[in-house]
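Residue-level listing of the chains:
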Number of protein chains: 2
Amino acid sequence: MRIGTGEIYDDLQRKLMAAAFKPGEKLKPAELQGAYGCSANTVRDVLLRLSRVGLVEFEMQRGFRARATSPERRRDVAKFRILLEQEGAALSIANGDLAWEARLTAAHHKLSHVERQLVSAPDVAGGMELWSDAEKEFHETLISRCDSPLLLETFANIYVQFRQQMVSQERDFGSNYFEAIIREHQAIVDAALARDVEACKVAIYDHMKRNL
Amino acid sequence: MRIGTGEIYDDLQRKLMAAAFKPGEKLKPAELQGAYGCSANTVRDVLLRLSRVGLVEFEMQRGFRARATSPERRRDVAKFRILLEQEGAALSIANGDLAWEARLTAAHHKLSHVERQLVSAPDVAGGMELWSDAEKEFHETLISRCDSPLLLETFANIYVQFRQQMVSQERDFGSNYFEAIIREHQAIVDAALARDVEACKVAIYDHMKRNL
DNA sequence: AATTTAAAAAATTTTGAAATTTCTTGGAGA
DNA sequence: TCTCCAAGAAATTTCAAAATTTTTTAAATT
């Protein structure tokens, strides 16, 4: 089997989210081609699909760029994420059944385990990647019962853009950083399970406000 | 000058929004190619870009389809549009200056002129297209001072999807239909100019609720 | 020295065909 | 009759090169 275009997509998405390209850096199909052993047009296809998610900027006749970062854009992404996550959580609280509660509890359990490890052993290899995945799963589970495909899809797009903006932002990931995050996630899950919509919205805002 | 890829994009977007293709209908590059006198791959490129906006569905190895319509999806689009428009209007009311008020007034003036014409002469050629453009401009102006590129971009995408869902829905466009619409638009603009956020949100909801 | 213009280089888009995959059709076997 | 499989057809993806456009470079003019 040859190398699938899906793998190129995944690899580029991962690199884009890990800031392997400088923000605003030009992404030339002809250059990336070599790394994947495919034609330039195949890379072009993949980049076109990545621009759908917002990770890549595309302008006709002048190619692709890694999405630019700026404090303004960072705030914009954070604000929009708050809006979507608050709405998604509120709807999930209204619609969610026992199964949703169970999934949310499980996702939070996994996440807090990873986070406690990160506090005690901050430099363990792959720790951040593990955390990143667990965090994503937690937030997606939180809003999963909003029963709106559009909201879920948009949130997924915004989430990767959020990550892209964050990684390019210098930040000290000291242990007190993660201790705060742990408390914030706890507050969100507590409010959600208590079916307290307003408290949950506040908790989501508090969790994101450092990015505003 | 040859036919630009931008024109193919615009033409297909227009057709998609006017339900020139049946919902869920397959869109084969090889077939559309002939109509535009370009190669199949160029059409493919355009379809890939249209799937970015949500007008076209794309699935790897199995091509493109005109977006499917259903009551569920229609409701989903409407709900999401309410969320975005309420937030965008609220922010615009907070941020908007005199220039925003002026633009909003102008857009509404134009819109209500077209709408009154539509009531008195419902079958005039191109009336719906004129109304469609004016309506779009009005709603975009309403949220234009939210100062969030992401919100504006997402709204633009949702708006075309909304239109796509609406045109495929049989509806009687009697004169009382437009009379109701006129009142609703008036309520929105009144609340916005009065800087009454809550009233504006209610007016937006009332304007959209027939689609829920 | 600054601005314009012209030519060259580089990058992007488009093409037409080959390679691959998916879908369809028509038996063969149960 | 039904299911399964293979062969053929149709559709999609990939490729490498040609055509177009943009960007860069260097010279010429102001």
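Keep in mind that this is a model prediction, so the values were computed, not measured.

Description of the relation of the copies chain B and chain A
No. 1: Taken as rigid bodies, chain B and chain A are interconverted by a rotation of 180° and an axial shift of 0.0 Å, the fit giving an RMSD of 0.1 Å. The relationship between the two copies is best expressed as a two-fold rotation axis. Taking C-alpha positions as reference, the residue of chain B nearest the rotation axis is Arg 52 of chain B, located at 2.4 Å.

Notes on the interface of chain B and chain A
No. 1: Opposite the 17 residues of chain B that make contact, chain A presents 17 residues.
No. 2: Secondary structure elements with two or more residues in the side of chain B that touches chain A: helix 3 (40–53), helix 4 (71–95) and helix 7 (149–167) of chain B.
No. 3: Among the elements that make up the side of chain B that touches chain A, the one with the highest residue count is helix 4 of chain B (six residues).

A look at the sheet that holds strand 3 (residues 64–66) of chain B
Residues and elements named next belong to chain B.
No. 1: The three strands lie next to each other as 1-3-2, forming an open sheet whose pairing is antiparallel. Bordering the open sheet on either side are strand 1 (26–27) and strand 2 (56–58), each of which pairs with just one other strand.
No. 2: Strand direction decides the pairing type here: strand 2 and strand 3, joined by three bridges, are antiparallel. Among the inter-strand pairings, Val 56 is bridged to a residue of strand 3, identified as Ala 66.
No. 3: Along the sheet, helix 3 makes contact with strand 1, strand 2 and strand 3, crossing strand 2 at roughly 105°.

Here's the deal with the protein's contact with DNA strand C
No. 1: Taken together, 19 residues lie around DNA strand C, and Gly 63 of chain A together with Thr 5, Ser 39, Asn 41 and Thr 42 of chain B are the ones closest in.
No. 2: Classifying every residue of the surface near DNA strand C gives five nonpolar, eight polar and six charged.

Remarks on helix 1 (residues 5–17) of chain B
All names here are of chain B.
No. 1: Taking 1.5 Å of rise per residue, 13 residues should cover 18 Å, and helix 1 covers 18 Å from first to last C-alpha, within 8% of that figure.
No. 2: Within the span of helix 1, buried status applies to Ile 8, Leu 12 and Leu 16. The buried residues of helix 1 occupy an angular sector of 65° when the element is viewed end-on, so they sit on one face. Exposed residues lying more than 90 degrees from the buried face of helix 1 are Gly 6, Glu 7, Asp 10 and Arg 14.
No. 3: Buried residues belonging to helix 1 abut helix 2 (29–36), helix 3, strand 2, strand 3 and helix 7.
No. 4: Directly after helix 1, the chain includes Ala 19, whose backbone phi takes a positive value near 60°.

Some words on the protein's contact with DNA strand D
No. 1: Neighbouring DNA strand D are 18 residues; Thr 5, Cys 38, Ser 39 and Thr 42 of chain A together with Gly 63 of chain B lie closest to it.
No. 2: Put simply, the parts of the chain that give the surface near DNA strand D at least two residues each are helix 3 (40–53) of chain A together with helix 2 and helix 3 of chain B.
No. 3: With three residues, helix 3 of chain A is the largest single contributor of residues to the surface near DNA strand D.

Quick word on unusual backbone geometry
No. 1: Residues other than glycine seldom take positive phi values, yet Asp 147 of chain A does so here, at roughly 55°.
No. 2: Within the secondary structure, Asp 147 of chain A sits in the loop between helix 6 (127–142) and helix 7 (149–167).
No. 3: Judged by the 17 C-beta atoms lying within 10 Å of it, Asp 147 of chain A is partly exposed.
No. 4: Even without being glycine, Gln 61 of chain B reaches a positive phi, approximately 65°.
No. 5: With 7 C-beta atoms packed within 10 Å, Gln 61 of chain B lands in the exposed category.

What to know about the packing of helix 4 (residues 71–95) of chain A against helix 9 (residues 197–208) of chain A
All names here are of chain A.
No. 1: Remark: helix 4 packs on helix 9, axes separated minimally by 9 Å, with the N-to-C direction vectors making an angle of 155°. In terms of their interaxial angle, helix 4 and helix 9 are classed as roughly antiparallel. As for how helix 4 packs across helix 9, the hand of that crossing is right-handed. Mapping the contact onto sequence places Ala 78, Arg 81, Ile 82, Glu 85, Gln 86, Ala 89, Ala 90 and Ile 93 in helix 4 and Val 197, Cys 200, Lys 201, Ile 204, Tyr 205 and Met 208 in helix 9.
No. 2: Across the contact of helix 4 with helix 9, the residue classes tally to ten nonpolar, one polar and three charged.

Conventions and cut-offs
- Residues numbered from 1 in each chain as written.
- Chains lettered and ligands numbered in written order.
- Predicted model: local features only at pLDDT ≥ 70, side-chain atom pairs only at ≥ 80, totals over all residues.
- Least-squares fit on C-alpha atoms with pLDDT ≥ 70 in both.
- Contact = placed C-beta atoms within 7 Å.
- Helix = DSSP H or I, 4+ residues; strand = E, 2+ residues; numbered from the N terminus.
- Pairing = 2+ DSSP bridges.
- Axes fitted to C-alpha atoms, helices over the stretch in contact; angles between N-to-C directions.
- Near = placed C-beta within 6 Å.
- Nonpolar A, V, L, I, M, F, W, Y, C, P; charged D, E, K, R; others polar.
- Expected span 1.5 Å × (residues − 1).
- Buried ≥ 20, exposed ≤ 12 C-beta atoms within 10 Å, placed from the backbone.
- Arc of directions from axis to C-beta.
- Parallel < 35°, antiparallel > 145°, perpendicular 65-115°, else oblique.
- Left-handed = near helix turned anticlockwise from the far one by under 90°.

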